[in-house]
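Next come the chains, spelled out residue by residue.
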Amino acid sequence: MDVQIEESWKTRLQTEFDKDYFKNLTHFVRDEYKRTPVYPPGKLIFNAFNLCPFNEVKVVIIGQDPYHGPGQAHGLCFSVNDGVSFPPSLINIFKEIKNDIGTDAPTSGNLTRWANQGVLLLNATLTVRAHQAGSHQNKGWETFTDTAIRTLAEQREHLVFILWGAYAQKKGAFINREKHLVLSSAHPSPLSAYNGFFGNKHFSQTNAYLKTHGEKEIIW
């Protein structure tokens, strides 16, 4: 199957595209886009991969679902398009950045600038029906994104994996902690942020690790 995705990822994930589960997933997703509003726009489903080629990844942040409101999702977890109000989790992420390294919240919630520096902002599920959180879960996306994470963890060294919340922690449980830095805490959602997300200092820890291994720090 010819999937429109950045070439270095395509090379490594082609065997997934040829599997039955991915063909079934493709049929399901195409049908959904024809029948009902689905986010993100089709051309942005693989945006996280397209903005962050395999060998340029330095940090992986794992989310769960795309935002399901109009104009929000554009293929990067926790990120929203320019001009869109910050969702509560993103507000808390910017608060923690301010507390951790002193950087003020930006005027836009668009995290493309992180992706361009090597931060893979990967949702476990890459599509969602409008206003229906979790509506595209258990259709095959999780298998695909598990493979992407596993491929990175096995073929690269000294990456930072940021796992916020129980879902992300379970998804990243297999990552070799001796080969990579794995940072875990509560989710930035208002429901859990005060239970360990605030004060986790993941942004400064990430940069310290990257610096130690000769990599350029992320401008958060």
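Here the structure is a predicted model, which means the values were calculated and not measured.

Undergrad: Even after reading the chapter, I still don't get the overall build of the chain, so can you show me in this structure?
TA: A tally of regular secondary structure across the chain gives 8 helices and 6 strands. Starting at the N terminus and walking to the C terminus, you meet the elements of the chain as α-α-β-α-β-α-α-β-β-α-β-α-β-α. A globule of 220 residues ought to have a C-alpha radius of gyration of about 17 Å, and the chain, at 17 Å, matches this closely. Principal-axis analysis of the C-alpha atoms gives the chain an extent of 45 × 35 × 25 Å. Here the chain holds 220 residues, and the buried ones make up 54% of them. For the chain, the exposed area adds up to about 10100 Å²; of that, 50% sits on carbon and sulfur atoms. For the chain, the separation between the mean place of its 23 positive charges and that of its 21 negative charges on side chains is 3 Å.

Undergrad: Any chance you could explain the side chain of Lys 171 here in plain terms?
TA: Residue position: Lys 171 is located in helix H7 (residues 165-171). What makes Lys 171 buried here is its relative accessible area of 8%. Among all residues touching Lys 171, those that are not within four sequence positions of it are Ile 62, Ala 124, Glu 142, Thr 145, Asp 146 and Ile 149.

Undergrad: Please clarify how the sheet that holds strand S5 (residues 160-164) should be interpreted in this entry.
TA: Sheets are built from strands that pair by backbone hydrogen bonding, the pairs being arranged parallel or antiparallel. Taking strand neighbours across the sheet as the criterion, the 4 strands line up as S3-S2-S5-S6 in an open arrangement whose pairing is parallel. The open sheet has two edge strands, strand S3 (119-123) and strand S6 (181-185), and neither has a second partner. On average, each strand axis in the sheet is inclined to that of its neighbour by 15°, with strand direction left out of account. Sheet topology places strand S2 (residues 59-63) next to S5; 4 bridges connect them, and they run parallel. Paired with Ile 62 across the strands is Leu 163, a residue of S5. This element, helix H6 (residues 141-155), spans S2, S3 and S5 of the sheet and lies at about 150° to S3.

Undergrad: Help me understand the side chain of Thr 125 in this model?
TA: Here Thr 125 is to be found in the loop between S3 and strand S4 (128-129). The exposure class of Thr 125 is buried, given its relative accessible area of 0%. At a separation of 3.4 Å, a polar atom in the side chain of Thr 125 contacts the side chain of Glu 142. Excluding anything up to four places from it in sequence, Thr 125 contacts Gln 64, Asp 65, Pro 66, His 136, Gln 137, Trp 141 and Glu 142.

Undergrad: Please clarify how the environment of Tyr 21 should be interpreted in this entry.
TA: By the element assignment, Tyr 21 lies in helix H2 (residues 20-35). It is 9.1 Å that separates the C-alpha atoms of Tyr 21 and Trp 141, two residues lying 120 residues apart in sequence. Aside from chain neighbours lying at most four places away, what touches Tyr 21 is Glu 16, Gly 140, Thr 143 and Phe 144.

Undergrad: In this structure, what is going on with H6? I would like to understand it.
TA: Every α-helical turn comprises 3.6 residues, leaving residues that sit three or four positions apart pointing alike. Taking 1.5 Å of rise per residue, the 15 residues of H6 would be expected to cover 21 Å, and the 21 Å separating its terminal C-alpha atoms lies within 8% of that figure. Along H6, the residues that are buried comprise Trp 141, Glu 142, Phe 144, Thr 145, Thr 147, Ala 148, Ile 149, Thr 151, Leu 152 and Ala 153.

Undergrad: Would you mind going over unusual backbone geometry with me for this structure?
TA: Leaving glycine out, the prevailing phi sign among residues is negative, and the prevailing peptide bond configuration is trans. Between Tyr 39 and the following residue, Pro 40, the backbone shows a cis peptide bond with an omega angle of -5°. One non-glycine residue with positive phi stands out, namely His 131, at about 65°. Secondary-structure assignment places His 131 in the loop between S4 and H6. A residue is classified by how much of its surface remains accessible, and His 131, at 56% relative accessible area, is exposed. With a phi angle near 60°, Asn 138 is a residue other than glycine that sits in the positive phi range. Secondary-structure assignment places Asn 138 in the loop between S4 and H6.

Undergrad: Is there a simple way to explain the pattern of salt bridges in this structure?
TA: Counted under the stated rule, the structure contains 7 salt bridges. Residues Glu 32 and Arg 35 are paired through a salt bridge, measuring 2.7 Å at the closest nitrogen-oxygen approach. Of the two residues, Glu 32 and Arg 35 both sit in helix H2, 3 residues apart, roughly one turn of that helix. What makes Glu 32 buried here is its relative accessible area of 1%. In this structure, Asp 104 engages Lys 98 in a salt bridge whose closest nitrogen and oxygen atoms are separated by 2.6 Å. Judged by its relative accessible area of 40%, Lys 98 is partly exposed. In this structure, a network of salt bridges that share partners links the residues Asp 31, Glu 32, Arg 35 and Arg 129.

Reading the values: the criteria
Residues numbered from 1 in each chain as written. Predicted model: local features only at pLDDT ≥ 70, side-chain atom pairs only at ≥ 80, totals over all residues. Heavy atoms only, no water. Helix = DSSP H or I, 4+ residues; strand = E, 2+ residues; numbered from the N terminus. Rg over C-alpha atoms; globule rule 2.2 N^0.38 Å. Buried < 20%, exposed > 50% of the residue type's maximum accessible area, 1.4 Å probe, protein only. Areas by Shrake-Rupley, 256 points an atom, 1.4 Å probe, with all protein chains shown as cover. Lys, Arg positive; Asp, Glu negative; His and termini not counted. Charge placed at Lys NZ, Arg CZ, Asp CG, Glu CD. Contact = heavy atoms within 4.5 Å. Pairing = 2+ DSSP bridges. Axes fitted to C-alpha atoms, helices over the stretch in contact; angles between N-to-C directions. Polar contact = N/O pair within 3.5 Å; in protein donor to acceptor, adjacent residues only side chain to side chain. Expected span 1.5 Å × (residues − 1). Salt bridge = Lys/Arg side-chain N within 4 Å of Asp/Glu carboxyl O.

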